[in-house]
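# Close look at the chain arrangement
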Amino acid sequence: ASSAAAPAERDGGAAPRRASLPRNVRPSLGAALALRGGARGHDMLQQQAKVALQQAKVARSALPRDVSAALSTGALSLDELRNYLAIRNSPFLRALAAISPFVRDRLIANPRLASVIAIETLLGIATLLAAEVGARGDRLLAEVDFVVCDLALVVATNIALVMALSPAARICAPPSRGRSAVASLPATFLQPGAFSAAQRLACFVINAARFGAIGIASSALGASATKALVMAREQITGRAPDVQLAPVLSTALAYGAFVAASSSTRYQLVNAIEASLLPRLPHGTGALSAALRLGNNYVGSLMWIWWARAFGVQ
């Protein structure tokens, strides 16, 4: 009896230690603890969301179906919910969000998106007008149709480029495995977060491809519109154009390659600087963002001149 009791005395009479549990039991305990912690975090999010909705005097039933579903599953964070409620209170942002879920989800993820688009649009218009005045001189008013066409293309291209790099709230569940993999990538390759090197590399390549496609489309559209205007003028005035226009295809391909290699990299760097620096500043963020993007536009203009000459399209 004494020899049988000895092991129990050495072990303090306690239950078997965790190390002695079967291997198939230990993982199940860890999974149960993880599930319990996840459920507790989900319940806390739902409670905080309920308080935020009450403070905003918005009923849960008043939320769009997909937004409410994302909130229920935890795909929509508390900060994103607050951003959405702020959008509802702004007539301008609400009108933008109503354009499509694509725009709405990016406004929810990035409250500064409207300001960034405004800055990029104003800078694009200002720099293009300066270039138009310098290039056309006294013929500016006579060729105002070309100027308006160029301005419309610059505005559309700048908005498309900004939207392509904006992070989106994960409200709509990706319907396929491929889209799910893309949705898990950062918006820019330097976006803060627990992303792997492979995900950041994939993000850089995909954004370059997106930018390249936008560049090719905008350049081809702009060159085609310019040629159509020149032909219309020639039929009306009976005079041939004073300058020889660049070929549409080679110019579009050269510009698409430039946008993919240069613009994509520069815009992602600008977004990374803004994401890491601007939240730390109490004031002057708009002026700093404008200065940063003005420098980006200036550098991009210089690089395009070099690129176009290297490819023989100018």
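Residues numbered from 1 in each chain as written. Predicted model: local features only at pLDDT ≥ 70, side-chain atom pairs only at ≥ 80, totals over all residues. Heavy atoms only, no water.

Residues of helix H6 (residues 101-109) that are buried: Val103, Arg104, Asp105, Arg106, Leu107 and Ile108. Structurally, H6 contributes buried residues whose contacts are with helix H3 (65-73), helix H4 (78-89), helix H5 (91-97), helix H7 (113-136) and helix H8 (144-165). (Buried < 20%, exposed > 50% of the residue type's maximum accessible area, 1.4 Å probe, protein only. Helix = DSSP H or I, 4+ residues; strand = E, 2+ residues; numbered from the N terminus. Contact = heavy atoms within 4.5 Å.)

Across the interface, helix H10 (residues 197-237) lies against helix H11 (residues 248-277) with an axial gap of 7 Å and an inter-helix angle of 140°. As summarised for this structure, H10 and H11 are arranged oblique, according to the angle between their axes. Here H10 runs over H11; the crossing is right-handed. Per-class residue counts for the contact of H10 with H11 are 14 nonpolar, 12 polar and 1 charged. (Axes fitted to C-alpha atoms, helices over the stretch in contact; angles between N-to-C directions. Parallel < 35°, antiparallel > 145°, perpendicular 65-115°, else oblique. Left-handed = near helix turned anticlockwise from the far one by under 90°. Nonpolar A, V, L, I, M, F, W, Y, C, P; charged D, E, K, R; others polar.)

With that out of the way, let us pick up the pattern of salt bridges. Going through the model one piece at a time under the given rule, you end up with 6 salt bridges. One salt bridge connects aspartate 79 with arginine 82, and the closest N-O pair in it is separated by 3.8 Å. With aspartate 79 and arginine 82 both in helix H4 and 3 residues apart, the pair spans about one turn of that helix. A relative accessible area of 52% means that aspartate 79 is categorised as exposed. (Salt bridge = Lys/Arg side-chain N within 4 Å of Asp/Glu carboxyl O.)

So, about the nonpolar core. Counting 28 residues, the largest nonpolar core has Leu76, Leu81, Leu85, Leu107, Ile108 and Ile171 as its most contacted members. Secondary-structure elements contributing two or more residues to this core are helix H2 (26-56), H3, H4, H5, H6, H7 and H8. Per-element accounting of this core gives the leading share, 5 residues, to H4. Sequence-distant contacts of leucine 85, defined by excluding residues within four places in its chain, comprise Ala52, Leu53, Ala56 and Val58. Core analysis: the next-biggest nonpolar cluster, separate from the first, contains 13 residues, Ala164, Ile214, Val259 and Trp307 among them. (Core = buried A, V, L, I, M, F, W, Y, C linked by side-chain atoms within 4.5 Å.)

Below, the discussion takes up the side chain of threonine 251. With respect to the helices and strands, threonine 251 occurs in helix H11. Classification of threonine 251 as buried rests on a relative accessible area of 14%. In this structure threonine 251 touches Ser219, Ala246 and Val313, once residues within four positions along its chain are discounted.

Another aspect to go through is the packing of aromatic side chains. Applying the stated criterion across every chain, the model contains 8 aromatic pairs. One aromatic cluster is present, built from ring pairs that chain together Tyr255, Phe258, Trp304, Trp306, Trp307 and Phe311. The residue whose ring lies beneath arginine 106 is phenylalanine 102, and the NZ or CZ to ring-centre distance is 3.7 Å. (Phe/Tyr/Trp six-rings, centres within 6.5 Å; stacked < 30°, edge-to-face > 60°. Lys NZ or Arg CZ within 6 Å of the ring centre and 35° of its normal.)

Let us now look at the environment of glycine 74. Here glycine 74 shows up in the loop between H3 and H4. It is 9.7 Å that separates the C-alpha atoms of glycine 74 and isoleucine 171, two residues lying 97 residues apart in sequence. Sequence-distant contacts of glycine 74, that is, excluding residues within four places in its chain, are made with His42 and Leu45.

Here serine 218 is to be found in helix H10. Overall, the relative accessible area of 13% leaves serine 218 in the buried class. For serine 218, the side chain forms a polar contact with the main-chain oxygen of glycine 215, separated by 3.1 Å. (Polar contact = N/O pair within 3.5 Å; in protein donor to acceptor, adjacent residues only side chain to side chain.)

Backbone geometry places lysine 57, a non-glycine residue, at a positive phi of 55°. Its location among the elements puts lysine 57 in the loop between H2 and H3. Taking the relative accessible area as the measure of exposure, lysine 57 reaches 78% and is therefore exposed.

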